[in-house]
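Structural characterization, general
If you want the building blocks of each chain, they are given just below.
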Amino acid sequence: MSTEPGYRAPVVTVATSLPKRGIGSAVLVVPIVTGSVTGDDDGSAVVVGGPFLDAEAIGEIEVALRALGARGGAEQVTRLHVPSLPVGSVLAVGLGADREEWPAETIRRAAGVAARSLAGVASVVTTLTELHLEAAIEGLILGGYRFTEFRSAKTAPKDAALAKITALSTAAGAKKAAARAADIAVAVNTARDLVNTPPSHLFPAEFAKRAKALGEAAGLEVEVLDDKALAKAGYGGIVGVGKGSSRLPRLVRLTHRGAKGKAKRVALVGKGVTFDTGGISIKPAASMHHMTSDMGGAAAVIATVVLAARQQLPIDVIATVPMAENMPSSTAQRPGDVLTQYGGITVEVLNTDAEGRLILADAIVRACEDNPDYLIETSTLTGAQTVALGARTPGVMGSEEFRDRVAALSQAEGENAWPMPLPDELKDDLKSSVADLANVSSQRFAGMLVAGVYLREFVADGVQWAHIDIAGPAYNTSGPWGYTPKGGTGVPTRTMFAVLEDIAANG
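Conventions and cut-offs
Residues numbered from 1 in each chain as written. Predicted model: local features only at pLDDT ≥ 70, side-chain atom pairs only at ≥ 80, totals over all residues. Heavy atoms only, no water. Helix = DSSP H or I, 4+ residues; strand = E, 2+ residues; numbered from the N terminus. Buried < 20%, exposed > 50% of the residue type's maximum accessible area, 1.4 Å probe, protein only. Contact = heavy atoms within 4.5 Å. UniProt positions renumbered as here; feature names shortened; annotations may be inferred. Polar contact = N/O pair within 3.5 Å; in protein donor to acceptor, adjacent residues only side chain to side chain. Pairing = 2+ DSSP bridges. Salt bridge = Lys/Arg side-chain N within 4 Å of Asp/Glu carboxyl O. Domains from an automatic or database assignment. Buried area = accessible area lost by both parts, 1.4 Å probe. Axes fitted to C-alpha atoms, helices over the stretch in contact; angles between N-to-C directions. Parallel < 35°, antiparallel > 145°, perpendicular 65-115°, else oblique. Left-handed = near helix turned anticlockwise from the far one by under 90°. Nonpolar A, V, L, I, M, F, W, Y, C, P; charged D, E, K, R; others polar. Phe/Tyr/Trp six-rings, centres within 6.5 Å; stacked < 30°, edge-to-face > 60°. Lys NZ or Arg CZ within 6 Å of the ring centre and 35° of its normal.

**Some words on the overall build of the protein**
Within the protein, the regular secondary structure consists of 13 helices and 21 strands. Counting only C-alpha atoms, the protein reaches 80 × 55 × 40 Å along its principal axes. Taking all 507 residues of the protein together, the buried fraction comes to 57%. Taking contacts inside the protein between residues at least 6 apart in sequence as the whole, the part at least 24 apart equals 75%.

**Digging into the UniProt feature "binding site: Mn(2+) 2" (unreviewed entry) in the protein**
Sequence positions flagged by UniProt for "binding site: Mn(2+) 2" (unreviewed entry) are, in local numbering, Lys271, Asp276, Asp294 and Glu355. Spanning 85 residues, the annotated positions come together in the fold, the maximum distance between their C-alpha atoms being 11.5 Å. With respect to the secondary-structure elements, Asp294 resides in the loop between β11 (272-276) and α8 (296-310). For Asp294, a relative accessible area of 2% corresponds to the buried category. In this structure the side chain of Asp294 is engaged in a polar contact, spanning 3.0 Å, whose partner is the side chain of Lys271. Position of Glu355 relative to the elements: it lies in the loop between β14 (346-349) and α9 (356-368). Every residue in contact with Glu355, bar those within four places of it in the chain, is listed here: Val241, Lys271, Val273, Asp276, Asp294 and Asn326. Side-chain polar atoms of Glu355 contact the side chain of Lys271, separated by 3.3 Å.

**Some thoughts on the sheet that holds strand β18 (residues 437-438)**
Strand order in the open sheet made by the 3 strands is β13-β14-β18, with mixed pairing throughout. Each of the sheet's edge strands pairs with one partner strand only, and the pair in question is β13 (337-340) and β18.

**Some words on the UniProt feature "domain: Cytosol aminopeptidase" (unreviewed entry) in the protein**
Mapped onto this numbering, the UniProt entry gives "domain: Cytosol aminopeptidase" (unreviewed entry) at residues 351-358. Structurally, residues 351-358 comprises 38% helix and 0% strand, and the distance from its first C-alpha atom to its last is 11 Å.

**Focus on the pattern of salt bridges**
Considering all chains together, one arrives at 26 salt bridges under this definition. Between Arg108 and Glu105 there is a salt bridge; the shortest N-O distance is 2.5 Å. Here Arg108 and its partner Glu105 are both found in helix α2 (residues 104-116), 3 residues apart, which amounts to about one turn of the helix. Just as Arg108 is buried, Glu105 falls in that class too. Across the salt bridge formed by Glu457 and Lys427, the nearest N and O atoms sit 3.2 Å from each other. Residue Glu457 is located in the loop between α12 (447-456) and β19 (464-469), and its partner Lys427 is located in the loop between β17 (418-419) and β18; the two are separated by 30 residues in the primary sequence. A relative accessible area of 27% places Glu457 in the partly exposed class. Relative accessible area serves as the criterion here: at 35%, Lys427 is assigned to the partly exposed category. Look at the salt bridges and you will find they share partners, linking Glu223, Arg253, Arg366, Glu369 and Asp370 into a network.

**So, the domain arrangement of the protein**
The assigned domain composition of the protein is domain 1 (11-168) and domain 2 (190-506). With centres defined by C-alpha atoms, the gap from domain 1 to domain 2 works out at 37 Å. For the pairing of domain 1 and domain 2, the buried interface totals around 1300 Å² over both sides, and the portion due to carbon and sulfur atoms is 58%. There are 0 salt bridges connecting domain 1 and domain 2. The tally of links between domain 1 and domain 2 comes to 6 residue pairs in polar contact (both at pLDDT 80 or more). Counting residues per element, the ones that place at least two in the side of domain 1 that touches domain 2 are α2 and α3 (133-143).

**Remarks on the packing of helix α11 (residues 400-413) against helix α13 (residues 493-506)**
In contact at an axis separation of 9 Å, α11 and α13 are set at 120° when each is read in the N-to-C sense. Classified by the angle between their axes, α11 and α13 sit oblique to one another. The element α11 and its partner α13 pack so that their crossing is right-handed. Where α11 abuts α13, its residues Phe402, Arg405, Val406, Leu409, Ser410 and Glu413 lie against Arg494, Thr495, Ala498, Val499, Asp502, Ile503 and Asn506.

**Overview of the packing of α2 against α3**
Orientation of α2 relative to α3, taken along the N-to-C sense of each, is 35°, at an axis distance of 7 Å. Two packed elements cross with a definite hand, and for α2 against α3 that hand is right-handed. Between α2 and α3, the residues in contact are Ala104, Ile107, Arg108, Ala111, Gly112, Ala115 and Arg116 and Ala135, Ala136, Glu138, Gly139, Leu140 and Gly143, respectively. Counted by class, the contact of α2 with α3 contains 7 nonpolar, 3 polar and 3 charged residues.

**Considering the packing of aromatic side chains**
The full count for this structure, using the stated rule, is 4 aromatic pairs. Between Phe147 and Phe150, the ring centres sit 6.1 Å apart and the planes meet at 45°, which makes this aromatic pair tilted. Measuring from ring centre to ring centre gives 5.2 Å for Tyr454 and Phe458, while their planes differ by 45°; the resulting arrangement is tilted. Considered together, Tyr454 and Phe458 belong to a single accessibility category, that of buried residues. Positioned over the ring face of Tyr145 is Arg192, at 5.3 Å from the centre of the ring.

**Quick notes on the pairing of β19**
Among the 6 residues that make up β19, 5 are buried, leaving the element largely enclosed by the rest of the structure. Bridging between strand β15 (residues 374-379) and β19 involves 6 bridges; their strand directions are parallel. When the bridges of β19 are listed, Ser379 appears paired with Asp469. Bridge analysis of strand β16 (residues 395-398) against β19 gives 4 bridges, and the strand direction is antiparallel. Bridge pairing links Gly398 to Ala466 in β19.

Take a look at the structure:
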């Protein structure tokens, strides 16, 4: 993926021993744990060396760590000079208490912290990969991410970006696993780039153009409907949300044909509101600039279907991505207007700031026309998600069995989605006196669940589906942590790809 549109990845190579030459300026990243080097359980840091470091090098590192008082606490980093090693310096990153098997997320976060602390370092060699190869590579690439497209020469980083990763591993199939991990991390960073691009430069037509370029480079079938085609075909939700802006809506379809025989077909749908003022039901000014991330679901879906093609998954994956800008103007839809969703359901728009469900409903109906076995939809849909689950935990709703499957895979990937119910009684709160449905509830409670109930009305019978609300997790408004930067996070790209791989393997 590194030579195509999207995020440019560091070059990743695999070595079975520490290179002796050509790495003089590189930093060697090694894991350490809290243990004892003196035999009296003093809590000093101990190097997890594997087969790559001899006793002399390990002893030299541990003496230096002890002199600095390093304890090997989780995600703590210590930079050292070790003359006996053929590298510029050593970065020791803490994993906490020692254990026999290391969770992938522990290694991923440790690698991310290491990468973030190595600003200006172009080349990294690491033994973290012996503990968990793919997680270490993902963490280094994700942690080394930075977005500089709109920095002038005056404020752009003067130091080098991470350009090369040498993964030390003796595992069978290490090269293939390393390539897969790099592809996953690049997909996440491509989604981050899209989310971080400001709405002045990423409006519906431009977003569609970038999605098309990514899709064509990956060999996907691409279809783009403009505002006229959307109106002619009856996409009332997308047209209704987008008509308040001078930058008119689009619908992008990206198709990966990988199915063989009776393989499953999966539909992906992502909310692509390139900026959300709330429309006539305008949002408060405070923090409205964060609404540049309201297309985070669409960004993740585009990155995921491209990744499915790169990894040649043996299933069909069809992404349907509605794109609109929600603005207040003389042409904007009003509270009280009635629109007709694609497929014929009429909706009374009581609140124009509940716009995401309107464009998603159109896209879900269109996606179901492809007769998928599964449908995954993701969106920065409700502020209620953050009230219920906070800024880092997506909520998953939908068909119970598939919902739980998605949540379990998300937790295994470290994106930590949590299953939520869709109580039937909430549908009564979406009754309208003039149309088939209202777009918001008459009650102020359970907003995330109400949105899920609304979307359920548009999913075809027999389709296993899951809705992932990422209102908080898609965009980090606080400081960086682990491998997660400030700004776009790329969530839930890894979750969706894990689900696709699971369906490809197990149906």
